[in-house]
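# Examination of the molecular architecture
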Amino acid sequence: MTARKVIRMGHPTLRLVAELVDVSELKTPEFIELLVDMYDTMKVEGGIGIAAPQINVSKQVTLIELPDDSDRYGELDGTPLMVIINPKITYLTEDKQGFWEGCLSVPGLRGFVERPNHIQVDYINEHGEPKQIIADEFLATVFQHELDHLFGKLYIDRITDTTKITYTEEFSEFIKAKPKDTLDE
Ligand code: ZN
């Protein structure tokens, strides 16, 4: 297992629009290794998602896997590992919801971000098969945070109320948010 180094805010790769993946790449040893290393890195860092640019690979690839943790996610069951390549997002509502987001590339901070709560994502998986998912609520935010990484955006850019940016220790001490209102990816 090879966890790679996660690059942090300020690194220029995080601000690029990542390159589309050509389907001919999918079966190459390099691409398969990339997926394995992304997974290992996500697990080591304790994230529920990771995007290739976060390990300094500017390609449109992201992984999302919600553990089956009913204490944390309530009604929402865990998801199996999703490999999302070349995604396109469609917003199905203007209604927004807020979560306290954290990012592996912005360690030590948490911020409150409001995003649309009903989206559609079209993408291909690691086998090159076209997929579509409709995501609501928590999962909708998870997808939007992750897909932002493929387009040079960080959650920090989405914060409209900058009084709601905190260090993680102060978050634990002063903000009475429940674990289910937070995410790290
Ligand atoms: Zn992130």
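Above this text sits the structure in question.
What counts and how
- Residues numbered from 1 in each chain as written.
- Predicted model: local features only at pLDDT ≥ 70, side-chain atom pairs only at ≥ 80, totals over all residues.
- Heavy atoms only, no water.
- Helix = DSSP H or I, 4+ residues; strand = E, 2+ residues; numbered from the N terminus.
- Buried < 20%, exposed > 50% of the residue type's maximum accessible area, 1.4 Å probe, protein only.
- Polar contact = N/O pair within 3.5 Å; in protein donor to acceptor, adjacent residues only side chain to side chain.
- Phe/Tyr/Trp six-rings, centres within 6.5 Å; stacked < 30°, edge-to-face > 60°.
- Lys NZ or Arg CZ within 6 Å of the ring centre and 35° of its normal.
- Pairing = 2+ DSSP bridges.
- Donors = N, O, S within 2.8 Å, 3.2 Å for Na, K, Ca; no water.
- Tetrahedral: all angles 85-135°; square planar, octahedral: opposite > 155°, others 65-115°.
- Axes fitted to C-alpha atoms, helices over the stretch in contact; angles between N-to-C directions.
- Contact = heavy atoms within 4.5 Å.

What follows deals with the side chain of Thr62. By the element assignment, Thr62 lies in strand β2 (residues 61–64). Note on Thr62: relative accessible area 0%, which makes it buried. Reaching out from Thr62, the side chain makes a polar contact with the backbone oxygen of Ile50 at a distance of 2.9 Å.

What follows covers the packing of aromatic side chains. Counting across every chain of the model gives three aromatic pairs. These aromatic residues form a ring-pair network of at least three members: Trp100, Phe112 and Phe171. Above the face of the Phe171 ring, Arg110 is positioned so that its terminal group lies 5.3 Å from the ring centre.

Quick look at the pairing of β2 now. In summary, the side chains of a regular strand alternate between the two faces of the sheet. The two faces of β2 match: Val61 and Leu63 on one face and Thr62 and Ile64 on the other face are all buried. Sheet topology note: the β2/strand β3 (residues 82–91) ladder contains four bridges and is antiparallel. Within β3, the residue paired with Leu63 across the bridge is Val83.

Glancing now at the coordination of the zinc ion. The protein atoms that coordinate the zinc ion are Cys103 (SG), His145 (NE2), His149 (NE2) and Glu185 (O), at distances of 2.1 to 2.4 Å. Classification of the site at the zinc ion as irregular follows from its four donor atoms and the range of 88 to 142 degrees in their angles at the metal. Read in sequence order, the donor residues coordinating the zinc ion give the pattern C-x41-H-x3-H-x35-E. Remark: Glu185 occurs in the segment after β9 (182–184) and Cys103 occurs in strand β4 (residues 96–103); sequence separation between them is 82 residues. Accessibility assignment for this pair places Cys103 and Glu185 in one class, buried.

Attention now goes to the sheet that holds β3. Strand order in the open sheet formed by five strands is β1-β2-β3-β6-β7, and the pairing between neighbours is antiparallel. Each edge of the sheet is formed by a strand with only one pairing partner; in this case those strands are β1 (49–51) and β7 (130–136). With strand direction ignored, the average angle separating the axes of adjacent strands in the sheet is 40 degrees. By the bridge criterion, seven bridges tie strand β6 (residues 118–124) to β7 in an arrangement that is antiparallel. Looking at the pairing, Ile124 lines up with Pro130 of β7. Strands β1, β2 and β3 of the sheet are contacted by helix α1 (residues 29–45), whose axis makes an angle of about 40 degrees with β2.

Here we take up the sheet that holds β9. Strand pairs in the sheet, formed through backbone hydrogen bonds, run parallel or antiparallel to each other. Strand order in this open sheet of four strands is β8-β5-β4-β9, and the pairing throughout is mixed. Edge strands, defined here as strands with exactly one partner in the open sheet, are β8 (165–167) and β9. Each strand axis lies, on average, 30 degrees off the axis of its neighbour in the sheet, ignoring direction. Pairing analysis gives three bridges linking strand β5 (residues 106–116) to β8, with the strands arranged antiparallel. Pairing of Arg110 across the sheet is with Thr166, part of β8. Of the strands in this sheet, β4, β5 and β9 are in contact with helix α3 (residues 137–148), which crosses β4 at around 50 degrees.

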